[in-house]
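Summary of structural features
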Amino acid sequence: LSLILAIIYTHTNCDISWINAARYLVFAFSILIGGYMTAKKSEKKGLIHGFTFGIIFLIFSLFISSILGEIQMLTALIKAIMALFFAALGGILGIK
């Protein structure tokens with residue numbers, strides 16, 4: 001999804017606000033799928049497994065962001081809320 005987003009951004013004159021929204025959408029979708037697959041593999045305690053995946057994904061994401069540049073507190077807070085919510089939701093959906 002990120003590759004498709006990069007190609008669209010490179011070859012069109014998109015507004016930067018659209019790109020930021022799409023970036024958060026890709027982030028949320030990735031975490032949702034990760035939480036889903038983690039819970040599906042564990043076959044029980046989907047909320048806990050999804051939530052754990054969200055924490056690990058968040059730490060990894062913030063680590064990479066800190067290497068590539070400065071981390072803004074608002075962006076980190078938004079990512080934290082999204083990671084925990086969508087990972088837990090994916091975990092719940094993975095069990096059902």
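Refer to the structure printed above.
Parameters and conventions
Residues numbered from 1 in each chain as written. Predicted model: local features only at pLDDT ≥ 70, side-chain atom pairs only at ≥ 80, totals over all residues. Heavy atoms only, no water. Helix = DSSP H or I, 4+ residues; strand = E, 2+ residues; numbered from the N terminus. Expected span 1.5 Å × (residues − 1). Buried < 20%, exposed > 50% of the residue type's maximum accessible area, 1.4 Å probe, protein only. Axes fitted to C-alpha atoms, helices over the stretch in contact; angles between N-to-C directions. Parallel < 35°, antiparallel > 145°, perpendicular 65-115°, else oblique. Left-handed = near helix turned anticlockwise from the far one by under 90°. Contact = heavy atoms within 4.5 Å. Nonpolar A, V, L, I, M, F, W, Y, C, P; charged D, E, K, R; others polar.

With that settled, consider helix α2 (residues 16-42). Across its 27 residues, α2 extends 39 Å between first and last C-alpha, which sits within 8% of the 39 Å expected from 1.5 Å per residue. Those residues of α2 that sit buried are Ile19, Ala22, Val26, Phe27, Ala28, Ile31, Gly34, Gly35 and Ala39. Two residues or fewer past α2, glutamate 43 is found with a positive phi of approximately 65°.

With a phi angle near 65°, glutamate 43 is a residue other than glycine that sits in the positive phi range. The residue glutamate 43 is located in the loop between α2 and α3 (46-68) in this model. Overall, the relative accessible area of 66% leaves glutamate 43 in the exposed class. Of note in the backbone geometry, lysine 45 takes a positive phi value of approximately 50° without being a glycine. Inspection of the secondary structure puts lysine 45 in the loop between α2 and α3. Among the residues examined, lysine 45 registers a relative accessible area of 56% and is labelled exposed.

This paragraph deals with the packing of α2 against α3. Close contact between α2 and α3 brings their axes to 8 Å; oriented N to C, the two are set at 135°. When the axes of α2 and α3 are compared, the pair comes out oblique. In terms of crossing hand, the pair formed by α2 and α3 is right-handed. Of the residues in α3, those touching α2 at Phe27, Ser30, Ile31, Gly34, Gly35, Thr38, Ala39 and Ser42 are Gly46, His49, Gly50, Phe53, Phe57 and Ser61. The class makeup of the residues in the contact of α2 with α3 is five nonpolar, nine polar and no charged.

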